[in-house]
Amino acid sequence: MASSSRAATKPLLRAQLFSRPANGHVSFIPQVRKVVIEFCDSWASSANTRTFMNNHLEEVARANPHVEFAVQQRSQKEPIARGFYLNNRDKVIPLNGFEVNGIAKKIQLLLDSSGAKIKPLKRRAVESTTESARGIWSGLHVDETFKI
């Protein structure tokens, strides 16, 4: 009898005891995985981007060790910052026309973003779980047309 009860229980392996990471009040998983800064070496519109990279990029990289930072040269193009996220999406922000602190804010925006599509808060269609009792009204389905 004792041998039959042992066969009914399965051994609990250590690998089965881990919890899957999820965002919540206990843990936070940053959604950004890589930030690429692309600039031109000779254009004046990339001057502030080059200054940011020389003076501030190392601080930002040390503050965010979970993110891979890459610097890429784009000849004859405007500077951009591109963020790659865990949901296989990317966001591109042009950096031309920004001062150094504005570029830092845009990089921080990429770091704080989730990578999800932007959904409009206004003009969302009303969705109902039940159908209307009378259906959708149409002036084409009445016996007599409406006269003004």
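Residues numbered from 1 in each chain as written. Predicted model: local features only at pLDDT ≥ 70, side-chain atom pairs only at ≥ 80, totals over all residues. Heavy atoms only, no water.

Caption draft 1: Structural view of the side chain of Asn64. As for its placement among the helices and strands, Asn64 is situated in the loop between α3 (57–63) and β2 (68–73). Under the relative-accessibility criterion, Asn64 is labelled buried at 12%. In this structure, Asn64 is in contact with Phe69 and Leu111, ignoring residues within four places of it in sequence. (Helix = DSSP H or I, 4+ residues; strand = E, 2+ residues; numbered from the N terminus. Buried < 20%, exposed > 50% of the residue type's maximum accessible area, 1.4 Å probe, protein only. Contact = heavy atoms within 4.5 Å.)

Caption draft 2: Broad picture of the sheet that holds β2. Taken in spatial order, the 4 strands make up an open sheet running β2-β1-β3-β4, and their pairing is mixed. Each of the sheet's edge strands pairs with one partner strand only, and the pair in question is β2 and β4 (90–94). Neighbour-to-neighbour, the strand axes of the sheet open up by a mean angle of 15 degrees, direction not taken into account. Contacting β1 (32–39) and β2, helix α2 (residues 47–55) runs over the sheet at an angle of about 130 degrees to β1. (Pairing = 2+ DSSP bridges. Axes fitted to C-alpha atoms, helices over the stretch in contact; angles between N-to-C directions.)

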